Amino acid sequence: MAGFRDRGGGPVDMRVVPHPAVTVVLEFGAGPLVVDAATGRQQRRDLVAGFGHGAVCVRGENVECVEVRLSPVVAYAVLGTSPAELDHAVVALEDLWGQEAARIRQQLAEAASWQDRFALTEAALAGRSATGAAVDREVAWAWDRIVAACGRVRVEELAIEVGWSRKRLWSRFRSQIGLPPKRAAKLVRFDHAVHRLALGESAARIAADSGYVDQSHLHRDVLAFTGVTPATMAGDAGLAVGGIAYAEPGAGETF
């Protein structure tokens, strides 16, 4: 969870890079945000970016928002629908939460501090998570294994370890997490790779360490997820902001 505020120095213009989480943005400033995605341009006071969405451009002025990155394991319960139903798109939170989204946004606008806003948001998410549908234990375990292995894990091995057939794991994982396990592993591996690029590491070393066949394989993966080359991604402002806002567990504040 992180808080963002535009100081009014000009329009915010940021690329949102695909990330192994479902992104929820609660905007309570003058807004609204203008979202350019593969599904077209949208104006949103708040939004949910589905797990594994394509590269998205977000623009706005006088923006104040709380952004939450939800593990797909808990997103099912919090959102009230499987991430698979989002179809990797950007949707309005009102479409999922109804009037509750507007009520929370008003509370955030009236809160006296960022810590109060974080507490309000956490309470809302925790309340929904406690009453929402849980994913299968085997699916949650498989996701945790993928993350712990930085995406370098075979689906056949996961299926054996949870005691399911490969077909059953594929079906249950996709319906509850939102991506097939192989695609999810690919996204997790990509996420680690681009953050290492942002830290200035060489593409050749990252490719060798991350399980890519070669540097060209890494290049193709980054291009497929973002539409730009690894060299361009290395200087992406969104990765830099994410590193500041999400550097430590818990809530952060970025201006």
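First, a word on what this report is: a plain description of the structure on this page. (Residues numbered from 1 in each chain as written. Predicted model: local features only at pLDDT ≥ 70, side-chain atom pairs only at ≥ 80, totals over all residues. Heavy atoms only, no water.)

### A look at the environment of Val 194
Tracing the chain through its elements places Val 194 in helix α8 (residues 181-198). Assessed through its relative accessible area of 1%, Val 194 is described here as buried. It is 8.9 Å that separates the C-alpha atoms of Val 194 and Ile 206, two residues lying 12 residues apart in sequence. Sequence-distant contacts of Val 194, defined by excluding residues within four places in its chain, comprise Val 222 and Leu 239. (Helix = DSSP H or I, 4+ residues; strand = E, 2+ residues; numbered from the N terminus. Buried < 20%, exposed > 50% of the residue type's maximum accessible area, 1.4 Å probe, protein only. Contact = heavy atoms within 4.5 Å.)

### What to know about helix α10 (residues 215-226)
Taking 1.5 Å per residue, 12 residues should reach 16 Å; α10 reaches 16 Å between its end C-alpha atoms and fits that length. What α10 keeps buried is the set His 217, Leu 218, Asp 221, Val 222, Phe 225 and Thr 226. Projection of α10 onto a plane perpendicular to its axis shows the buried side chains occupying an angular sector of 140°, all on one side. In α10, those exposed residues whose orientation departs by more than 90 degrees from the buried face are Arg 220 and Ala 224. Of the surrounding elements, those touching the buried residues of α10 are β2 (12-16), α8, α9 (203-210) and α11 (230-234). With a side-chain oxygen lying 3.2 Å from the backbone nitrogen of Ser 216, the N-terminal cap of α10 falls on Asp 214. (Expected span 1.5 Å × (residues − 1). Arc of directions from axis to C-beta. Polar contact = N/O pair within 3.5 Å; in protein donor to acceptor, adjacent residues only side chain to side chain.)

### Topic: the environment of Ser 216
Positionally, Ser 216 belongs in helix α10. Taking relative accessible area as the criterion, Ser 216 reaches 42% and is therefore assigned partly exposed. In the structure, Ser 216 is positioned 13 residues away from Ala 203 in sequence and 9.4 Å away in space, judged by C-alpha atoms.

### Description of unusual backbone geometry
With a phi close to 55°, Cys 150 is a non-glycine residue in the positive phi region. Note on placement: Cys 150 falls in the loop between α5 (137-148) and α6 (155-162).

### So, the packing of aromatic side chains
When we look at a pair of aromatic rings, we describe it by the centre distance and by the angle of the planes. Enumeration over the complete set of coordinates arrives at 3 aromatic pairs. Connected via pairs of aromatic rings, a cluster forms that spans Phe 28, Trp 114 and Phe 118. Here Arg 117 stacks its cationic end above the ring of Trp 114, 4.8 Å away from the centre of that ring. The positively charged end of Arg 189 is found above the aromatic ring belonging to Tyr 212, 4.0 Å away from the centroid. (Phe/Tyr/Trp six-rings, centres within 6.5 Å; stacked < 30°, edge-to-face > 60°. Lys NZ or Arg CZ within 6 Å of the ring centre and 35° of its normal.)

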